Amino acid sequence: MTTPHDVPVSKFIEKLSKYLKENVEEVHPPAWAAFAKTGSHVEKQPQNADWWYTRGASLLRKIYVYGPIGLEKLRSEYGGRKGFNVKPNHAAKAGGSNIRKLLQQLETAGLIQTIRPTGRRMTPKGRKLLQEVSETLHKELIKTIPELKKYQGEQ
């Protein structure tokens, strides 16, 4: 069984975001998503039109790997450094609204659930989805790069 740990992160998030866009109706960007920045540390809004789905896929993977995890920890994960021209840079958290809305949408889709004191974790449905996506990605990678089969002990 292939898990999200076994495949490259960037390709996994790209494939999962495409799946979220095409198959999960509950996950959709709100009207303000085209104009909103992702935090106070960035200057402009995201240039990718499908950034909402990419962030949702990334959130799902982070919850799978680090869960249960709360909103403040996720804000720290997606934050960055804020420049002050001549002064030294400081850490800044990401905006909480877009992360919160995405978590709520993923929760209504049944992929994650809230555990009150600790944060959010994967549901069996969400875990199954991530494992299926990683399995299909793994098979595609083996077709394109046959040497992977040898290194992973599959004969």
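Residues numbered from 1 in each chain as written. Predicted model: local features only at pLDDT ≥ 70, side-chain atom pairs only at ≥ 80, totals over all residues. Heavy atoms only, no water.

Undergrad: Account for the packing of aromatic side chains, with residues named and values stated.
TA: The tally for this structure, following the rule as stated, stands at two aromatic pairs. On the numbers, 5.9 Å between centres and 85 degrees between planes, the contact of Trp32 with Trp52 is edge-to-face. Of this pair, Trp32 sits in the loop between α1 (9-23) and α2 (51-66) while Trp52 sits in helix α2; the two residues are 20 residues apart in sequence, bridging distant segments of the chain. For Trp52, a relative accessible area of 1% corresponds to the buried category. One aromatic cluster in this structure is built from Trp32, Trp51 and Trp52. Positioned over the ring face of Tyr78 is Arg55, at 4.2 Å from the centre of the ring. Taking the ring centre of Tyr78 as reference, the NZ or CZ of Lys62 above it sits at 5.5 Å. (Phe/Tyr/Trp six-rings, centres within 6.5 Å; stacked < 30°, edge-to-face > 60°. Helix = DSSP H or I, 4+ residues; strand = E, 2+ residues; numbered from the N terminus. Buried < 20%, exposed > 50% of the residue type's maximum accessible area, 1.4 Å probe, protein only. Lys NZ or Arg CZ within 6 Å of the ring centre and 35° of its normal.)

Undergrad: Lay out the side chain of Gln105 in plain terms, naming residues and giving numbers.
TA: You can see Gln105 is positioned in helix α4 (residues 96-108). What Gln105 contacts, discounting residues up to four positions off in sequence, is Glu26, Val27, His28 and Trp52. (Contact = heavy atoms within 4.5 Å.)

Undergrad: Can you lay out the pairing of strand β2 (residues 87-92) for me, pointing to particular residues and giving the numbers?
TA: Note that strand β1 (residues 80-84) and β2 share four bridges and pair antiparallel. Within β2, the residue paired with Gly80 across the bridge is Ala92. (Pairing = 2+ DSSP bridges.)

Undergrad: Pulling in residues and values, what's your account of the environment of Leu60?
TA: Topologically, Leu60 is positioned in helix α2. C-alpha separation for the pair Leu60 and Arg127, spaced 67 residues apart in sequence, amounts to 9.2 Å. If we skip the residues at most four places from it in the chain, Leu60 touches Leu16, Leu20, Leu106, Leu111, Ile112, Met122 and Leu130.

Undergrad: Can you break down unusual backbone geometry residue by residue, with the values?
TA: Cis geometry marks the peptide bond from Gly67 to Pro68, where omega comes out at -5 degrees. Here Pro68 shows up in the loop between α2 and α3 (71-78).

Undergrad: An account of the pattern of salt bridges is requested, with residue identities and associated values reported.
TA: A full pass over the atoms with the stated rule returns seven salt bridges. Lys15 is paired through a salt bridge with Glu140; the nearest N and O atoms lie 3.1 Å apart. With a gap of 125 residues between them, Lys15 in helix α1 and Glu140 in helix α5 (residues 124-144) connect regions that are remote in the sequence. Among the ionic pairs, Arg75 bridges to Glu72, the shortest N-O distance being 3.4 Å. Remark: Glu72 and Arg75 occur in helix α3; sequence separation between them is three residues, near one turn of the helix. Assessed through its relative accessible area of 22%, Arg75 is described here as partly exposed. Residue classification places Glu72 among the partly exposed residues on the basis of a relative accessible area of 40%. Linked through salt bridges whose partners overlap, the residues forming this network are Lys62, Lys73 and Glu77. (Salt bridge = Lys/Arg side-chain N within 4 Å of Asp/Glu carboxyl O.)

Undergrad: So what's going on with the environment of Ile112? Residues and values would help.
TA: By the element assignment, Ile112 lies in strand β3 (residues 112-115). Of the residues examined, Ile112 reaches a relative accessible area of 2% and is grouped as buried. Beyond its immediate stretch of four places on either side in the chain, Ile112 contacts Leu60, Ile63, Leu103, Leu106, Glu107, Arg120, Arg121, Met122 and Thr123.

Undergrad: If you had to explain the side chain of Arg55 to someone new, which residues and values would you point to?
TA: In this fold, Arg55 is placed in helix α2. Here Arg55 is in contact with Thr38, Tyr78, Asn98, Ile99 and Leu102, once residues within four sequence places are set aside.

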